[in-house]
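# Structural overview for review
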Amino acid sequence: AQTVTQSQPEMSVQEAETVTLSCTYDTSENNYYLFWYKQPPSRQMILVIRQEAYKQQNATENRFSVNFQKAAKSFSLKISDSQLGDTAMYFCAFSNNDMRFGAGTRLTVKP
Amino acid sequence: EAGVVQSPRYKIIEKKQPVAFWCNPISGHNTLYWYLQNLGQGPELLIRYENEEAVDDSQLPKDRFSAERLKGVDSTLKIQPAELGDSAVYLCASSLGQGTGGQETQYFGPGTRLLVL
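All right, on to the sheet that holds strand E8 (residues 75–79) of chain B then. All names here are of chain B. Pairing is antiparallel in the open sheet, where four strands are placed in the order E1-E3-E8-E7. Each edge of the open sheet is held by one strand with a lone partner, namely strand E1 (5–7) and strand E7 (65–68). Between one strand axis and the next, the sheet turns by 15 degrees as a mean value, whatever way the strands run. Sheet topology places E7 next to E8; four bridges connect them, and they run antiparallel. Paired with Phe65 across the two strands is Ile79, which belongs to E8.

As a further point, take the nonpolar core. Residues Tyr25(A), Trp36(A), Phe75(A), Leu77(A) and Tyr90(A) are the most contacted members of the largest nonpolar core, which totals 25 residues. Counting only elements with at least two residues in this core, the list comes to strand E3 (19–21), strand E5 (33–39), strand E6 (46–52), strand E8 (64–69), strand E9 (74–79), strand E10 (88–95) and strand E12 (105–110) of chain A. Top contributing element to this core by residue count: E10(A), with four residues. Of all hydrophobic cores here, the second largest spans 22 residues; its members include Ile26(B), Leu36(B), Ala82(B) and Val116(B).

Time to look at the state of the cysteines. With the rule as written, the count across this model stands at two disulfides over all chains. Across a sulfur-sulfur distance of 2.0 Å, Cys23(A) and Cys92(A) are joined as a disulfide pair. What sets the handedness of the Cys23(A) and Cys92(A) disulfide is the S-S torsion sign, and at about -70 degrees it is left-handed. With Cys23(A) in the loop between E3 and strand E4 (24–26) and Cys92(A) in strand E10, the pair connects residues that are 69 residues apart, well separated along the chain. A relative accessible area of 1% places Cys23(A) in the buried class. Between Cys23(B) and Cys92(B) runs a disulfide, and the two sulfur atoms are separated by 1.9 Å. Measuring handedness by torsion sign, the sulfur bridge of Cys23(B) and Cys92(B) sits at about -70 degrees and is left-handed. With Cys23(B) in strand E3 (residues 19–24) and Cys92(B) in strand E9 (residues 88–95), this residue pair connects regions lying 69 residues apart in the sequence.

This part takes up the environment of Val13(A). Residue and element names in this part refer to chain A. With respect to the secondary-structure elements, Val13 resides in strand E2 (residues 10–14). Taking the relative accessible area as the measure of exposure, Val13 reaches 7% and is therefore buried. Sequence separation between Val13 and Gly102 is 89 residues, and the spatial gap between their C-alpha atoms is 21 Å. In contact with Val13, other than residues within four places in its own chain, are Thr18, Val19, Ser82, Leu107, Thr108, Val109 and Lys110.

This paragraph deals with unusual backbone geometry. Residues and elements named next belong to chain B. Here the bond from Ser7 into Pro8 is cis, since omega is -10 degrees, no more than 30 degrees from zero. Here Pro8 shows up in the loop between E1 and strand E2 (10–13). The omega torsion of the bond from Gln80 to Pro81 falls at -5 degrees, within 30 degrees of zero and hence cis. Locating Pro81 in the fold gives a position in the loop between E8 and E9.

Bringing the pairing of E5(A) into the picture now. Residue and element names in this part refer to chain A. Among the seven residues that make up E5, seven are buried, leaving the element largely enclosed by the rest of the structure. Covered by surrounding structure in E5 are Tyr33, Phe35, Tyr37 and Gln39 together with Leu34, Trp36 and Lys38, the residues of both alternating faces. Looking at chain direction, E5 and E10 are connected through seven bridges and run antiparallel. Within E10, the position partnered with Tyr37 by the bridge is Phe91.

Definitions and limits used
- Residues numbered from 1 in each chain as written.
- Chains lettered and ligands numbered in written order.
- Predicted model: local features only at pLDDT ≥ 70, side-chain atom pairs only at ≥ 80, totals over all residues.
- Heavy atoms only, no water.
- Pairing = 2+ DSSP bridges.
- Helix = DSSP H or I, 4+ residues; strand = E, 2+ residues; numbered from the N terminus.
- Axes fitted to C-alpha atoms, helices over the stretch in contact; angles between N-to-C directions.
- Core = buried A, V, L, I, M, F, W, Y, C linked by side-chain atoms within 4.5 Å.
- Buried < 20%, exposed > 50% of the residue type's maximum accessible area, 1.4 Å probe, protein only.
- Disulfide = S-S within 2.5 Å.
- Contact = heavy atoms within 4.5 Å.

The following block contains the structure:
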């Protein structure tokens, strides 16, 4: 069974700085998809970025980028120029058939 | 375009009472998911529908949980009777389809926060 591990329960970063959230996963599949979702306090979960496993190029979305290391089964999220609105729970997810989520990392951006 | 709609947003009940949650997916989305999210944890899939067919309900505790999506649009998740351990957030999500190998992005509703006393 696929598992997703987020080893950092909580992180904090100063506004305007860069932070990296870690995610590793375990699978024997070759084709799959990886996602980072953001869940702000008391608000709904929204997609931040996605990566197709067959693509070598790392996905980027404005201030958000990933470092996808397929051999190492690692999928970290880098947030550049952190903003107060980035404060949220961040969930890493793996999808081959059904989506499996990690336990999340609570990120606090400090002014 | 409206997102995934869920109601109620909050529900407080006493144990052994029944409770129901409602979800309206994004228009045109054939696949609908119900997730359970415990405090401080990631969502866990309860059931997935492709149109009106439940194609994966292996994680749904069928002794007390039931779900339906009669016309392939709205869905209802029911718990009867509720137990203290059912206190959690129940999330609904939808996607255009299941796609090949789970490629479809899922769009989530705001969730229903259930408290069982």
